[in-house]
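Residue-level listing of the chains:
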Amino acid sequence: MFSRIILNDMLKSKLTTLITTIFIAIAAMLVALSAILMVNLSGAIDTLMREAKTPHFMQMHAGEIDQTRLEAFASSHDYVEDFQINEFLNIEGAKITINGTSLAHSVQDNGVSKQGQTFDYLLDINGKRIDVHDGEIYLPVSYMKEEVAIGDQVIIQNKAFTVQGFLRDSQMNSLLASSKRFLVSDQDYNALQSVGNVEYLIEFRLQQLEQLSTLENDYITAGLEANGPTITYPLFKTLNAISDGLMIALILLVSVLIVVISLLCIRFTLLAKMEEDYREIGVLKAIGLRVADIKKIYIAKYSVITLVGASIGVVLAYMCKDLLLENIKLYMGESENTALAIGLGMVGVGVLCIIIMGYIYLVLGRFKKIAVTEAIQFGTAQEKSISTKHFTLAANKWLPTNVFLGLKDVMTRKRLYFTMLIVLVITTFIMIVPQNLYHTISSKDFTTYMGIGNSDMRIDIQQTAEIKTKANQMVKALANDDDVQAYNVLATKTYYVQQDQQKKRIKVELGDHTLFPVTYAQGNAPKETNEIALSVMNADELNKKVGDKITLIVDDEAKPFVVSGIYSDITNGGKTAKATFTTSSEDMMWYVINVTFKANPALNAKVKEYADQFSYAKVSHIDEYIQQSYGPTIASIEKAAFIAIVVALLIAMLIVFLFIKMLTAKDRYTIAVMKSFGFTNADITKQYMSRALFVAIISVIIGTIAANTLGESIVGAVIGTFGATAFTFTIQPLSAYVLSPLMLICAVLVATIIGASYAGRIKISQYMKE
Amino acid sequence: MKNIITAQNIIKKFGVGDEEQVVLRDISLTIQAGEFVAIMGPSGSGKSTLMHALSGMDKVTEGQVTFDGKVLALLKENELADLRRNKMGFIFQQPTLLKNINVLDNIILPAMRDKRKHRSTIIKKAQELMERTGISGLEKRDITQMSGGQLQRAGICRALLSNPKVIFGDEPTGALNSKSAKEIMNIITQINQNGTTVMLVTHDAQVAAKTERILFMRDGQIATEMTLPRYNGQDLHERIDKVTAIMKELGI
């Protein structure tokens, strides 16, 4: 009997059943996808890093190296499992051409490397350690996307190589890792040595990863080579996870919101159904059926909908997963946890089903409240209307009568419109947050959250002999260039911090930090010579706040400093500091020069001019720098933002349509009454439009505020996981405050007009007999 | 006197095929301006359907209804709505007032749809009508706080506000106690005496006895009709006896 009742019921309310099923399917799909992607991403990263034997600790170093001393250090510490010194030959982009295209404009530090001896392997796309022969070259896997094929030619300073394949680099795969290793044979590497600058990769594998901080301290205390960034295993992992991690986080966020919308959708349709069946329920209760018996019918119906929806969702997730896994598979390779991923996906969907059914059970609790006499007598629940006494038609001078009736209805039946309000708030949120995120990370200012000043051109001078002289040459050229508006020179040098009888080493960037400031999470840039600003990671590690004192050993003398500010930094391993004092020391690790030009010079030409003139420096156009570092991330967030807008509009339209359709069914009697005394269908539609418009406007306001506060914190928290704190949205007002609300409101109005068309079919005579 | 409503050979069918049901079978009639007409008949005889057809609330399947010189079937939806708003008034069995707005707003609602400019005139007129029907002072009352009789009076005020040519009443006293019913009938009678055409559907011989012309319906047809002199408050029992005699005769 149950199946008959359920089937009839579904056939009677085809559209409602369909829409509810669609929402559950989408929610299930997204939940399953995020589980599958999450497991695959972490699995793939683990597999990659295990197969590649990624170093636990790596110190990059430019300059002289004392190999014996390093070996002695490694062998004298038991926890060191393996140790090697690899080399990375940094070659100017202009000296490398792939299929005739020069890498001169690449902002990455491109170079060649040898295969690791006992660990830090570069793997082929099957996840196997590459065995490279003379004349062959393996390119980073990202080139596979740029239509470079096996057999293509690469020329490095007149020496030709054939592309033999592509490599996965567990350290430097991510575009956020600034160096890119090309793999050549040992012999070819030696032949190329004069072409570039050698940077040493001093690498350690540990018995236990937990011993990492011990090694870091011991390494510093031993005063070993450290002219370059230090990168540890967890940071490699984070770098590998960022791009896809962001995508997964976004999917997860959207899936949570869709789940909420599904629940609201169910609540609404269920309550409407109960309303419709009110008299019948009353009768069933009156003849002695138990509440549980009546509930069963509803539970059964929704169990079917939930199961069907969830199954469709799982199938959809299974079909879509390869598309989204493509990037993960390309960069990280296969995960070994495929079965686990699908299992976890199913568990996720199972939990979703339980939540939905539990929620339905909860909503059905209202059955208890149905009073038998009221139900039989009136056939509907006697609504408590909240009177808004002073808002009367008699006193209304300005609003057209239909608009007045719409507003009055929303005000008196607030609870009824609450569902629609929440859905529209959520859709506004879904529309605005991703686009704000997109505008934020694609804006020039975003680099300031990452520890990079906002300028037109950035010049890096590193790993070169007589670095100070070269920097001075550069400064001279800039000073004589009439097009230059402003520039600053930041020189980085390592200093020891004296703390609790211990010495810790930090990299301090010296120079004027007020000119091209980064964004400070707290406090300000250092202005006085006794002030210092710390990166978030350093501030955490040294346990310092703004205003705290810190002692640095400068030119063999202990000097007190005050922490003036704390900023986010993802460059150079994230552990940096900024100060303005001068030093007599000559041995700087590297220089960064930021430049802005006067109005509208041909930026590309300027960049080329400097790049050609100073071949030892890496000169980059800051927009290009952003494009190349975050380009793919920005592109995928742009895509996500666009999809989010489309999805949000569709959700809004579906829900509003459903809502208005049910509302007209519920209000059929009132509509018939109004028609009987001369209101037209157009009048009724106008009333529903003003209700929807009123709710939509409030929703847009709340949603926009929520997006810019709560949304900003959520996104800030995600961004914060990779080092950038103090996050604020860069908002494009036209899009966020004008176009998006307008689109949403139009979608709502269109859905209302379609939904209210039912009112036109209501015949007065049909309802007047009641 | 002028004809206000004319029906020519109207047929109304519901459903199709095997389930087709003929509710009005070839009815022709004329109502003159100022008449006070009652339609009587057993349940299912088609009396409400006839009234819906004459007022344009429902379309006829065949035949033609003319209201104040206009053929209803030729009017567009909006023109029909205008006609209902300006020239007809409706009183239903259940008080059909909207819950969300107060009594005064309910009464002025149809008039306010397009005459907002004359807001104060409309309100003044509504207050006069409330006075006449004995509910003055309840303007701001929430309709959930009113008795059935009071609500029906408010419904009458709403129907009268636009000075309609015809008032249609579908069992206007059907849901009221006898005291309220009597009072409401007095008001309706008075409306008619002031010149407005009134057409009521009723089961109640007491109600019908106060009208001047009674159409008795059976099986979708007008079985017979009777006329009475204008009711002046006298001889009610005699009039009722006449009505019930015909009812008995017809087996109603």
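Residues numbered from 1 in each chain as written. Chains lettered and ligands numbered in written order. Predicted model: local features only at pLDDT ≥ 70, side-chain atom pairs only at ≥ 80, totals over all residues. Heavy atoms only, no water.

Chemist: Is there a simple way to explain the overall build of chain A in this structure?
Modeler: Secondary structure assignment for chain A yields 20 helices and 21 strands. Counting only C-alpha atoms, chain A reaches 100 × 55 × 55 Å along its principal axes. Counting the 770 residues in chain A, one finds 56% classified as buried. Considering only contacts in chain A between residues 6 or more positions apart, those separated by 24 or more positions represent 81%. Surface summary for chain A: the accessible area is close to 32,800 Å², and the carbon and sulfur share equals 58%. Here chain A contributes 68 positive and 72 negative side-chain charges, whose respective centroids are spaced 18 Å apart. (Helix = DSSP H or I, 4+ residues; strand = E, 2+ residues; numbered from the N terminus. Buried < 20%, exposed > 50% of the residue type's maximum accessible area, 1.4 Å probe, protein only. Contact = heavy atoms within 4.5 Å. Areas by Shrake-Rupley, 256 points an atom, 1.4 Å probe, with all protein chains shown as cover. Lys, Arg positive; Asp, Glu negative; His and termini not counted. Charge placed at Lys NZ, Arg CZ, Asp CG, Glu CD.)

Chemist: How do you make sense of the state of the cysteines when you look at a structure like this?
Modeler: The term disulfide refers to a covalent linkage connecting the sulfur atoms of a pair of cysteines. Residue and element names in this part refer to chain A. Considering all chains together, one arrives at zero disulfides over all chains under this definition. Sulfur of Cys265: no disulfide; nearest cysteine sulfur belongs to Cys353 and is 16 Å away. The class for Cys265 is buried, based on a relative accessible area of 3%. (Disulfide = S-S within 2.5 Å.)

Chemist: It is not clear to me how the interface of chain B and chain A should be interpreted in this structure. Could you clarify?
Modeler: Interface size is often expressed as the accessible area that is lost when the parts come together. Across the contact, 29 residues belong to chain B and 36 residues belong to chain A. Taken together, both faces of the contact between chain B and chain A bury some 3,000 Å²; the carbon and sulfur share is 56%. For the pair chain B and chain A, the number of links is nine residue pairs in polar contact (both at pLDDT 80 or more). Elements with a contribution of two residues or more to the side of chain B that touches chain A: helix H2 (77-87), helix H3 (103-112) and helix H4 (119-132) of chain B. If you tally residues by element for the side of chain B that touches chain A, the top one is H3(B), at six residues. A per-class count over the side of chain B that touches chain A returns 13 nonpolar, six polar and 10 charged. (Buried area = accessible area lost by both parts, 1.4 Å probe. Polar contact = N/O pair within 3.5 Å; in protein donor to acceptor, adjacent residues only side chain to side chain. Nonpolar A, V, L, I, M, F, W, Y, C, P; charged D, E, K, R; others polar.)

Chemist: Explain helix H2 (residues 14-51) of chain A here, please?
Modeler: In an α-helix, one turn spans 3.6 residues; hence positions three or four apart end up facing the same way. Residue and element names in this part refer to chain A. Helix length check: H2 (38 residues) gives 53 Å between terminal C-alpha atoms against 56 Å at 1.5 Å per residue, within 8%. Counted residue by residue, H2 has 28 buried out of 38 residues, so it is predominantly covered. Two residues or fewer past H2, Lys53 is found with a positive phi of approximately 50 degrees. (Expected span 1.5 Å × (residues − 1).)

Chemist: Which parts of the structure should I look at to understand the sheet that holds strand E9 (residues 213-218) of chain B?
Modeler: Backbone-to-backbone hydrogen bonds join strands into a sheet, with any given pair of strands oriented parallel or antiparallel. Residues and elements named next belong to chain B. Spatially, the six strands line up as an open sheet ordered E6-E7-E8-E3-E9-E10, and their pairing is mixed. Of all the strands in the sheet, the pair left with one neighbour each is strand E6 (88-91) and strand E10 (221-227). Strand-to-strand, the axes of this sheet are offset by a mean angle of 15 degrees, without reference to chain direction. As paired strands, strand E3 (residues 36-40) and E9 are joined by four bridges and run parallel to one another. Among the inter-strand pairings, Met40 is bridged to a residue of E9, identified as Phe216. Set on the sheet, helix H5 (residues 148-160) makes contact with E6 and strand E7 (166-170); between it and E6 the angle comes to about 170 degrees. (Pairing = 2+ DSSP bridges. Axes fitted to C-alpha atoms, helices over the stretch in contact; angles between N-to-C directions.)

Chemist: What am I meant to see in the pairing of strand E21 (residues 617-621) of chain A here?
Modeler: Moving residue by residue along a regular strand, the side chains alternate between the two faces of the sheet. Residue and element names in this part refer to chain A. Within E21, five of the five residues are buried, which leaves the element mostly enclosed by the surrounding structure. Here E21 shows a buried face lined by Ala617, Val619 and His621 and a second buried face lined by Lys618 and Ser620. Note that strand E12 (residues 457-462) and E21 share five bridges and pair antiparallel. Bridging across to E21, Ile461 finds its partner in Ala617.

Chemist: Got a minute to help me understand unusual backbone geometry in this structure?
Modeler: Peptide bonds are, in most cases, trans, and in most cases residues other than glycine have a negative phi. For Asp555(A), which is not glycine, the phi dihedral falls at a positive 45 degrees. In this structure, Glu171(B) is a non-glycine residue whose phi angle is positive, near 50 degrees. Among the structural elements, Glu171(B) can be located in the loop between E7 and helix H6 (178-193).

Chemist: Is there a simple way to think about the sheet that holds strand E1 (residues 3-14) of chain B in this case?
Modeler: Residues and elements named next belong to chain B. Judged by pairing direction, the sheet is antiparallel, and its four strands sit side by side in the order E2-E1-E4-E5 without closing on themselves. Only two strands of the sheet have a single neighbouring strand rather than two, namely strand E2 (21-32) and strand E5 (70-71). Two elements, strand E4 (residues 62-67) and E5, share two bridges in a ladder whose sense is antiparallel. Among the inter-strand pairings, Thr66 is bridged to a residue of E5, identified as Val71. Against the sheet, helix H1 (residues 47-54) makes contact with E1, E2 and E4, and its axis sits at roughly 55 degrees relative to E2, the strand it touches most.

Chemist: Sorry, what's going on with a nonpolar patch on the surface here?
Modeler: Side chains of Leu734(A), Tyr737(A), Val738(A), Leu739(A), Leu742(A) and Met743(A) sit close together on the surface and give an oily, nonpolar patch of about 540 Å² of accessible area. The residue Val738(A) is located in helix H19 (residues 733-760) in this model. (Patch = residues over 30% accessible without salt bridge, like charges linked within 9 Å, V, L, I, M, F, W, Y side chains within 5 Å. Salt bridge = Lys/Arg side-chain N within 4 Å of Asp/Glu carboxyl O.)

Chemist: Can you help me understand the UniProt feature "domain: ABC3 transporter permease C-terminal" (unreviewed entry) in chain A in this one?
Modeler: According to UniProt, the feature "domain: ABC3 transporter permease C-terminal" (unreviewed entry) maps to residues 253-359 and 643-754 of chain A in the numbering used here. Along residues 253-359 of chain A one finds 91% helix and 0% strand; the C-alpha atoms at either end are 20 Å apart. (UniProt positions renumbered as here; feature names shortened; annotations may be inferred.)

Chemist: I keep staring at the nonpolar core and nothing clicks. Help me out?
Modeler: Across soluble globular proteins, you tend to see nonpolar side chains buried next to one another. Membership of the largest hydrophobic core comes to 178 residues, with the highest contact counts inside it found for Ile360(A), Ile108(B) and Ile188(B). Residue contributions to this core peak at 21 residues, all from helix H16 (residues 622-666) of chain A. Filtering out sequence-adjacent residues up to four positions away, Ile108(B) remains in contact with Leu393(A), Ala394(A), Ile122(B), Ile123(B), Ala126(B) and Leu161(B). Counting 40 residues, the second largest nonpolar core, distinct from the first, contains Ala471(A), Ile550(A), Ala577(A) and Tyr610(A). (Core = buried A, V, L, I, M, F, W, Y, C linked by side-chain atoms within 4.5 Å.)

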